[in-house]
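In case you want the letters, here they are:
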Amino acid sequence: MGLLDSILGRSKPVRPDLDQLFAVPSAALTLQAGAGFTPTGLGSVCFAGVEGGTFARLQQDVRELLDADADGGAGGGGGAGGIPVEFSRDAYGYTWLLARHSADDPAAALVDLVNDLHAVNTLLQDAGFGPHLLCSLIGFRDGEGRSLALVYLYKRGTFYPFAPLPGGEEKRDSQVELQVNALLGDDLRVEKDLARWFPVWGAPGL
């Protein structure tokens, strides 16, 4: 089963509620206190099926949006040069947009990052690309260098944790994922169907 099939599943999708993303900064405080993970300042949006001239225009629109946010004093993400943003395609053909904020002040960087991801998702949705949106990802790391992502499933309106084990062997730390799930149940709308906690190996922002 492909990534898109895993996200869409067989049930009727929940109406997207992008404002759920604004709950992440508060959840991050719980995550840091309970499991020692802090924001990295990295986050990404994944979408599918945008090609050619449409894709080029979309890249331009996103960069202009984030540049405007930075110039407008959104918190120091990219300064006068705008917020650093990169586009890439994975092995399955899905497009990833990666946004970077300095993690010198993790809490402030996370607020700015969440605002950016919300703005990008809203731009795509308003431009008619809502059906192409798959997920958003926000990166964390602990004192031992372990990576964690909080993944927001656009079509489910839910979050889940993804914790890859170091070493590049495509193995996940299920214990950490379940710990984070238990910690954040009161802070985020966590995906209850564990079968939908699909791996995002090598995703930008991890």
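Keep in mind that what you see is a predicted model, and the values were worked out from it rather than measured.

Notes on the pattern of salt bridges
Okay, so step 1: Inspection of every chain in the model, using the stated rule, returns 9 salt bridges.
Okay, so step 2: We note a salt bridge from Glu191 to Arg156, for which the minimum N-O separation is 2.9 Å. Taken together, the residues span a long stretch of sequence, with Glu191 in the segment after helix 5 (174–184) and Arg156 in the loop between strand 5 (147–153) and strand 6 (158–162) at a distance of 35 residues. You'll find Glu191 and Arg156 in the same group, each marked buried.

Concerning helix 2 (residues 24–35)
Okay, so step 1: Among the residues of helix 2, those classed as buried are Val24, Ala27, Ala28, Leu31 and Ala35. Buried residues of helix 2 fall within an arc of 110 degrees about the axis and therefore sit on the same side. Of the residues in helix 2, the exposed ones pointing more than 90 degrees away from the buried face are Leu29 and Ala33.
Okay, so step 2: Buried residues belonging to helix 2 abut strand 1 (38–47), helix 4 (106–129), strand 4 (133–141), strand 5, strand 6 and helix 5.
Okay, so step 3: Just downstream of helix 2 lies Gly36, where phi reads positive at about 80 degrees.

Re the side chain of Ser136
Okay, so step 1: Residue placement: Ser136 occurs in strand 4.
Okay, so step 2: In this structure Ser136 comes out as buried when scored by relative accessible area, which is 2%.
Okay, so step 3: With residues near it in sequence (within four places) discarded, Ser136 still touches Ser44, Val45, Asn121, Leu150, Val151 and Tyr152.

Quick word on the sheet that holds strand 3 (residues 95–100)
Okay, so step 1: Strand order in the open sheet made by the 6 strands is 2-3-1-4-5-6, with antiparallel pairing throughout. Taken across any chain shown, the strands that pair with only one partner, and hence form the sheet edges, are strand 2 (85–89) and strand 6. Each strand axis lies, on average, 20 degrees off the axis of its neighbour in the sheet, ignoring direction.
Okay, so step 2: Pairing between strand 1 and strand 3: 6 bridges, direction antiparallel. Residue pairing across strands places Leu42 opposite Arg100, the latter belonging to strand 3.
Okay, so step 3: Its contacts with the sheet put helix 2 on strand 1, strand 4, strand 5 and strand 6, and the angle it makes with strand 4 is roughly 40 degrees.
Okay, so step 4: Running over the sheet, helix 4 touches strand 1, strand 3 and strand 4 and is turned about 10 degrees from strand 1.

With respect to the nonpolar core
Okay, so step 1: Counting 57 residues, the largest nonpolar core has Val24, Phe47, Phe140 and Val200 as its most contacted members.
Okay, so step 2: With 7 residues, helix 4 is the largest single contributor of residues to this core.
Okay, so step 3: Those residues in contact with Phe140 that sit more than four places away from it in its chain are Val24, Ala28, Leu31, Phe37, Thr38, Pro39, Thr40, Arg146, Ser147, Leu148 and Leu150.

Focus on the packing of helix 2 against helix 5
Axes are the key here: two packed helices are described by the angle between their axes and the distance separating the axes.
Okay, so step 1: Put simply, helix 2 and helix 5 touch, their axes get as near as 10 Å, and they point 125 degrees apart. One element, helix 2, and the other, helix 5, form an angle in the oblique class. Considering only the axes of helix 2 and helix 5, their crossing is right-handed. Between helix 2, through Ala27, Thr30, Leu31, Gly34 and Ala35, and helix 5, the contact on the second element is made entirely by Gln179, Val180, Leu183 and Leu184.
Okay, so step 2: Residues that form the contact of helix 2 with helix 5 fall into these classes: 6 nonpolar, 3 polar and no charged.

Reading the values: rules and limits
- Every chain is numbered independently, its residues counted from 1 as its sequence is written.
- Only residues with pLDDT of at least 70 get local features here, since the model is predicted, and only at 80 or more are side-chain atom pairs given and counted; chain-wide, interface and lining totals rely on the full set of residues.
- As a convention, hydrogens and water are excluded, and side-chain values are obtained from all of the structure's heavy atoms.
- A side-chain nitrogen of Lys or Arg and a carboxyl oxygen of Asp or Glu constitute a salt bridge if their distance falls within 4 Å.
- The helix count covers DSSP runs of H or I at least four residues long, the strand count covers runs of E at least two residues long, and both are numbered beginning at the N terminus.
- Type-normalised accessible area, obtained with a 1.4 Å probe on protein chains alone, sets the label of each residue: buried when under 20%, exposed when over 50%, and partly exposed for intermediate values.
- Note: the arc covers the axis-to-C-beta directions of the helix.
- Whether two residues are in contact is decided by their heavy atoms: any pair within 4.5 Å suffices.
- Strand pairing is assigned whenever DSSP detects at least two bridges linking the two strands.
- Orientation is described by axes fitted as lines to C-alpha atoms, over the contacting stretch for helices, and by angles from 0 to 180 degrees between their N-to-C directions.
- Take the buried Ala, Val, Leu, Ile, Met, Phe, Trp, Tyr and Cys residues and link them wherever side-chain atoms come within 4.5 Å; each set so joined is a nonpolar core.
- Each angle receives one of four descriptions, namely roughly parallel if under 35 degrees, roughly antiparallel if over 145, roughly perpendicular if within 65 to 115, and oblique otherwise.
- Note on convention: near helix rotated counterclockwise from far helix by under a right angle means a left-handed crossing. Clockwise means right-handed.
- Charged means Asp, Glu, Lys or Arg here, nonpolar means Ala, Val, Leu, Ile, Met, Phe, Trp, Tyr, Cys or Pro, and polar covers whatever is left, Gly included.

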